[in-house]
Amino acid sequence: IQTTAMLLRSSLFSEGSASLDTGGKISSVCWQQVDSSHPRFGSQSQRLLVAGSDKEVSVMWYDGQEHTATPAGVPVKHEGDVVDVCMVREDLIATASSTGAINMFSVHEQQDEEMKHDDGDDDDDDDDGQDEWQVSVSPTKLGLAKAHRGPTTALDVQRLSKSMVASTGEDGALRVWNLGNGGLRCTVDIPGACTSAAYAVRFTSTSTLVLGGMSCKVSYWDIRGNKNVSGGHGRSDRRRQRPANVYADAHSAEVTCLAAHPRREHVFAAGSANGILNVWDLRNESSPLCSLKTHEASVSRVMFVSDAPSQIVSSGEDGTVMLYDFNQDQRELDIDHDMYSSSNAANIVAVQPYACNLPINAIDYDPVTKTIACGTDSELVQFLF
């Protein structure tokens, strides 16, 4: 693959003013995305980020104009280590716990009307307005004390419904939960979906998912054929629990992370413990569209850039973030084959935030501010923009 280096500016928080007092490594980060009816919709100076650490869930404001961050509310204690975090809705956080639980937290936002009106300076367009909002996070009763036997390792939310949550864990099970007023109800229960511990799950469409883990394989599941007919956790119809496809030669090491293409349901990316990143077409299980050596250690996260799908971002335990641009020249390419083929030039951006090479455990991209948030072992959040 031909490579061209590009610059990516970075802003590192200084301890005390921009570090998160989590008491441990940051294992997961997730941006809040609000809809068009929200007062902060489109605001670059009022972006809310959720971070999960060893025993806490924290929220913080990020100013995409000044590239600064401040705490938003008091961190909330978490039962067990936070393994993964996702936003179910703009006001609801789901976390995967090392205890096997799926925990749910409400995000409460309130605009400070007094401060808003007393500001009185209509000409001050540069006011970031962060102090106009008060944010708090609190546990809800919607979660589950025991979703998996062993740690729950990964969560994903179905992007359209915002009411379906997929989970997996070290027990190798794949479960899909529907969120209602009474909490999470298991609608798909597939024990042993992964023959050993599973580490990643992603929806590729409203009814299909990919699953990966210690088996070094990626399995593709159509949940329309794997319904939990009894409606009870752990009592599904075992006769129908078969993946639609298995990508047996996906990696030579355990699959650590997965990403679904934001526009093409049949394209996904997978990262592994040996630093390899593969891009797959679900319709061709024989070989990936491309295979890249991205990191010198395990790939911790991979994602397609939502508003520029020709770009793929990955983070690694080697302390680097890699940005691949497969179409910097803006050519007309077939997104399934020409775009991600190994013969196409991939422009690589490598960012190494820390001289001591501390692992980067998680990344998430905010399309409003064009910023990548990184959770690290240093208890700091790194922003790349």
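Since the model is a prediction, treat every value here as computed from it, not as a measurement.

(A) A look at the nonpolar core. L48, V50, V59, I93 and V135 are the most contacted members of the largest nonpolar core, which totals 17 residues. Among the elements of the structure, β3 (47-52), β4 (56-63), β7 (82-89), β9 (102-111) and β10 (133-139) are those that each provide at least two residues to this core. Contacts of V50, omitting those with residues within four sequence positions, involve S28, V29, C30, V57, S58, V59, V85, M87 and I93.

(B) Quick look at the sheet that holds strand β12 (residues 164-169). In spatial order, the strands read β11-β12-β13-β14; together these 4 strands make up an open sheet with antiparallel pairing. Here the strands that pair on one side only, and so sit at the sheet edges, are β11 (152-157) and β14 (183-190). Sheet twist, expressed as the mean angle between neighbouring strand axes with direction ignored, is 25°. Pairing analysis gives 7 bridges linking strand β13 (residues 174-180) to β14, with the strands arranged antiparallel. Paired with N178 across the bridge in β14 is R185.

(C) A look at the side chain of T371. You can see T371 is positioned in strand β28 (residues 371-376). Owing to a relative accessible area of 0%, T371 belongs among the buried residues under this scheme. Reaching out from T371, the side chain makes a polar contact with the side chain of Y62 at a distance of 3.5 Å. At 3.1 Å, the side chain of T371 forms a polar contact with the side chain of T369. When sequence neighbours within four positions are dropped, the list of residues in contact with T371 reads W31, Y62, D364, Y365, D366, F383, L384 and F385.

(D) Looking closely at the pattern of salt bridges. Scanning the entire structure with this criterion turns up 11 salt bridges. Residue D91 pairs with R89 through a salt bridge whose shortest N-O separation is 3.2 Å. Classification of D91 as partly exposed rests on a relative accessible area of 35%. The exposure class of R89 is partly exposed, given its relative accessible area of 37%.

Reading guide: rules and limits
- Residues numbered from 1 in each chain as written.
- Predicted model: local features only at pLDDT ≥ 70, side-chain atom pairs only at ≥ 80, totals over all residues.
- Heavy atoms only, no water.
- Core = buried A, V, L, I, M, F, W, Y, C linked by side-chain atoms within 4.5 Å.
- Buried < 20%, exposed > 50% of the residue type's maximum accessible area, 1.4 Å probe, protein only.
- Helix = DSSP H or I, 4+ residues; strand = E, 2+ residues; numbered from the N terminus.
- Contact = heavy atoms within 4.5 Å.
- Pairing = 2+ DSSP bridges.
- Axes fitted to C-alpha atoms, helices over the stretch in contact; angles between N-to-C directions.
- Polar contact = N/O pair within 3.5 Å; in protein donor to acceptor, adjacent residues only side chain to side chain.
- Salt bridge = Lys/Arg side-chain N within 4 Å of Asp/Glu carboxyl O.

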